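Listed below are the residues making up each chain.
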2 protein chains.
Amino acid sequence: MSISIELKRAIYEENDARARAINETLRGRGIFTINILGGPGAGKTSFISRVAERLHASGEKLAVIEGDVASDIDTRLLRSLNVEAYQIETGGDCHLNAPMIEGILGRMSVADGSWLFIENIGNLVCPAEYVVGEDIKLVVASVAEGSDKPYKYPAAFAKSAACILTKIDLKEAVGFDEEFFRKGLAGTAPGALLLPLNGRTGEGADEITAWLRSVRTRVLEA
Amino acid sequence: MSISIELKRAIYEENDARARAINETLRGRGIFTINILGGPGAGKTSFISRVAERLHASGEKLAVIEGDVASDIDTRLLRSLNVEAYQIETGGDCHLNAPMIEGILGRMSVADGSWLFIENIGNLVCPAEYVVGEDIKLVVASVAEGSDKPYKYPAAFAKSAACILTKIDLKEAVGFDEEFFRKGLAGTAPGALLLPLNGRTGEGADEITAWLRSVRTRVLEA
C-alpha cells in the first residue's frame, strides 16, 4: 500500500509540474484555458457549443480539446458547428492529465489570444484530482442528475470556479430541489457561482459568456 | 511507467482473487449478488428501491451496500423505505473493490438466500475495471444522459448483463434517440438486454424483477 501511495504522490507531482509549464506557456500567449468537469451526459459539449456561438459572433477565437474514453462523437459534433476541436481518446483512462494535453497541443494550432476549452472525461470523481494546465475549472451538472451531487462528489465542486447547472427546462419534470443543491454547493464550494443553462435553447449562455469574459480579463491581466 | 503497469496488474490480480472468494462464500449461502454501475444521478438507488418493493411484497430478503465518495444520503433513503442498507464512503476512491466489500460484509448480517445489491460509485469508467464478488453487473443509464453512452463508455456496458434505461418519461423532452442507443449497445454489448424503467412511477420494475428472478435461479442452480 505505501508503494502505491508513494507512486501516486510522484505521479501527482510530475503532473503538477508539467501542468504549470503548460499554463505558463499558454498564458504567455494570451490563451485562457478552462478545464470542464462533469458526469456522463451532463451537457459539457452543449455548454461549449453555446459559449462558442457567442465567442464566434464577437470574432473571438477558440479551440476545444475533447476527452473521451472512446469515440470522437463530440469532436465531430463541434466541427460540424465550425468549432476547431481535437480529440483525445484515452482508451480506458478515467481522466485527462498534463502529458496528454502537452501531446495534443503539439499537434494543434491555437492562435495567440484564443480561448481554450478542455472537456474532460465524463466522470465527476477522478478528473478533479488532476490539473492539466487550466486557468480555471468549471463543473457541469444537470438537474436530471438530482439535487445531491455537491454532497456526493465534493472535490469536483470544491475545485471549480463555477457550477454550470444544465437542462434547467427539466427542473419540474425531475423534481429538482434547487435549495438543497445550493446549500450543498455553498457548503462544498463557498466561492463557486451557480450559473443556469438550457443547452437546447441557449438560455443562460449570454450571462455565462459575460461572466467568463470577466474572469478571463482578470486572469490574463494578473 | 512500467512500475505503474506492474503494480496495476498486481492490484487487479489480488482484487480478482478476493472477489472470487467473496462470490464463492455468498453463492454457497444462496445469496445472489448484483454489482450496479452507472454515472452520477443515473437512477441507481431508485432502481434498487423499485425492485426492493417487489421483493419485499413477495417476502424475499435483500440487503444493499451503498458506495459513495462522500455522504450517506442513499443509505438513509433506502432505510426510510425499510431496506437494509449499509454505507461505504470511500473518501475519494472512484470505485468499490473486493477488500471494501469483504470489510463491510463482516459488519453486516445478510440472511442466507437473500439478494445482495451493491451500488457502486457514480462513475461509468473505473468501476467497470473491478469485480467485487458479484454474480452479475448491471449498468444503469438515464435517457437524460443522451443516446451516445454505450459508444463513449464501452467497458461498463460490455461487462453488464443488462442495461437499465431510466427516466424514460423524459424521452421526448430530451430528444432521446433510442435507435442510436440500441445500436451502440448491440455493438458494445451484444448479449446485454435493454430494460426500461420509470423510477418515479415504478413502470418497468415488474418486468425487471421478473428477469432478475430468472437470472438468479439460473446462477444459483449452476
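What counts and how
Residues numbered from 1 in each chain as written. Chains lettered and ligands numbered in written order. Predicted model: local features only at pLDDT ≥ 70, side-chain atom pairs only at ≥ 80, totals over all residues. Helix = DSSP H or I, 4+ residues; strand = E, 2+ residues; numbered from the N terminus. Buried ≥ 20, exposed ≤ 12 C-beta atoms within 10 Å, placed from the backbone. Contact = placed C-beta atoms within 7 Å. Pairing = 2+ DSSP bridges. Nonpolar A, V, L, I, M, F, W, Y, C, P; charged D, E, K, R; others polar. Axes fitted to C-alpha atoms, helices over the stretch in contact; angles between N-to-C directions. Least-squares fit on C-alpha atoms with pLDDT ≥ 70 in both. Expected span 1.5 Å × (residues − 1). Parallel < 35°, antiparallel > 145°, perpendicular 65-115°, else oblique. Left-handed = near helix turned anticlockwise from the far one by under 90°. pLDDT = per-residue confidence, 0-100.

## Observations concerning the overall build of chain A
From N to C terminus, chain A includes 9 helices and 7 strands. Seen along its three principal axes, the alpha-carbon backbone of chain A occupies a region of about 50 × 45 × 35 Å. Here chain A holds 222 residues, and 49% of them are scored as buried.

## Section: the environment of Asn 97 of chain B
Residue and element names in this part refer to chain B. The residue Asn 97 is located in the loop between β3 (84-89) and α4 (98-105) in this model. For Asn 97, a count of 23 C-beta atoms within 10 Å corresponds to the buried category. Asn 97 sits 81 residues away from Asp 16 along the chain, and the two C-alpha atoms are 9.2 Å apart. Discounting chain neighbours no more than four positions away, the residues touching Asn 97 are Asn 15, Tyr 130 and Val 132.

## Some remarks on the pairing of strand β4 (residues 115-119) of chain A
Regular strands place their side chains on alternate faces of the sheet. Residues and elements named next belong to chain A. Most of β4 is tucked away: 5 of the 5 residues are buried. Going residue by residue along β4, you find Trp 115, Phe 117 and Glu 119 tucked away on one face and Leu 116 and Ile 118 tucked away on the opposite face as well. Note: strand β1 (residues 32-38) against β4, 5 bridges, orientation parallel. In the strand pairing of β4, Phe 32 is matched with Trp 115. Across 5 bridges, the pairing between strand β2 (residues 62-68) and β4 is parallel. Of the residues in β4, the one forming a bridge with Glu 66 is Glu 119.

## Some details on the interface of chain A and chain B
Between chain A and chain B, the contact holds 31 residues from the first and 31 residues from the second. Every element with two or more residues in the side of chain A that touches chain B is listed here: α1 (2-28) and α5 (149-152) of chain A. Residue classes in the side of chain A that touches chain B are distributed as 17 nonpolar, 8 polar and 6 charged.

## Here we look at the sheet that holds strand β7 (residues 193-196) of chain B
Residue and element names in this part refer to chain B. Read across the sheet, 7 strands follow the order β3-β2-β4-β1-β5-β6-β7 without closing on themselves; strand pairing throughout is parallel. Of all the strands in the sheet, just β3 and β7 have a single pairing partner and so form its edges. On average, each strand axis in the sheet is tilted by 25° relative to the strand beside it, whichever way the strands run. When strand β2 (residues 62-68) meets β3, the two strands line up parallel, connected through 6 bridges. Considered in β3, the bridge of Asp 68 is made with Glu 89. Together, β2, β3 and β4 (115-119) form the strand contacts of α4, whose direction differs from that of β3 by roughly 135°.

## A look at the relation of the copies chain A and chain B
Superposing chain A onto chain B requires a rotation of 180° together with a translation of 0.0 Å along the rotation axis, leaving an RMSD of 0.0 Å. Viewed as a symmetry operation, the transformation between the two copies matches a two-fold axis. A share of 100% of the interface residues of chain A reappears at the interface of chain B, consistent with the copies meeting face to face through the same patch.

## Let's talk about the sheet that holds β2 of chain A
Residues and elements named next belong to chain A. Overall, parallel pairing links the 7 strands, which are arranged β3-β2-β4-β1-β5-β6-β7 in an open sheet. The open sheet is flanked by β3 (84-89) and β7 (193-196), the only strands paired with a single partner. Mean inter-strand twist for the sheet, computed between neighbouring axes without regard to direction, equals 25°. Of the pairings in the sheet, the one linking strand β5 (residues 136-142) to strand β6 (residues 162-166) comprises 5 bridges and is parallel in character. Paired with Val 140 across the bridge in β6 is Ile 164. Contacts from helix α3 (residues 73-80) reach β2, β3 and β4, with the element oriented near 175° to β3.

## Focus on the environment of Leu 7 of chain A
All names here are of chain A. With respect to the helices, strands and loops of the structure, Leu 7 is situated in helix α1. Residue Leu 7 is classed as partly exposed on the basis of its 13 C-beta neighbours within 10 Å. Measuring from C-alpha to C-alpha, the distance between Leu 7 and Gly 41 comes to 32 Å, with 34 residues separating the pair along the chain.

## Overview of unusual backbone geometry
All names here are of chain B. In this structure, Asn 82 takes a positive phi of about 65° despite not being glycine. With respect to the secondary-structure elements, Asn 82 resides in the loop between α3 (73-80) and β3. Assessed through the 10 C-beta atoms surrounding it within 10 Å, Asn 82 is described here as exposed. Phi is positive for Lys 167, close to 55°, though the residue is something other than glycine.

## Considerations on helix α2 (residues 44-57) of chain B
Residue and element names in this part refer to chain B. Its 14 residues place the ends of α2 20 Å apart at the C-alpha level, agreeing with the 20 Å of an ideal helix rising 1.5 Å per residue. Three or more residues of α2 are buried, namely Lys 44, Thr 45, Ser 46, Phe 47, Ile 48, Ser 49, Arg 50, Val 51 and Ala 52. Gly 59 sits one or two positions beyond α2 and adopts a positive phi of about 75°.

## Observations concerning the packing of α2 of chain B against α3 of chain B
Residue and element names in this part refer to chain B. Closest axis-to-axis distance for the α2/α3 pair is 11 Å, and the angle between their directions is 20°. Classified by the interaxial angle, the pair formed by α2 and α3 is roughly parallel. Viewed along their axes, α2 and α3 form a crossing whose handedness is right-handed. Residues Thr 45, Ile 48 and Ser 49 of α2 form the contact with α3, whose own contacting residues are Asp 74, Leu 77 and Leu 78.

## Let's talk about the confidence of the model for chain A
Do not read the predicted coordinates in detail wherever pLDDT is low. With 99% of its residues at a pLDDT of 70 or more, chain A shows a mean pLDDT of 96. Predicted complex, confidence summary: ipTM 0.94, pTM 0.96.

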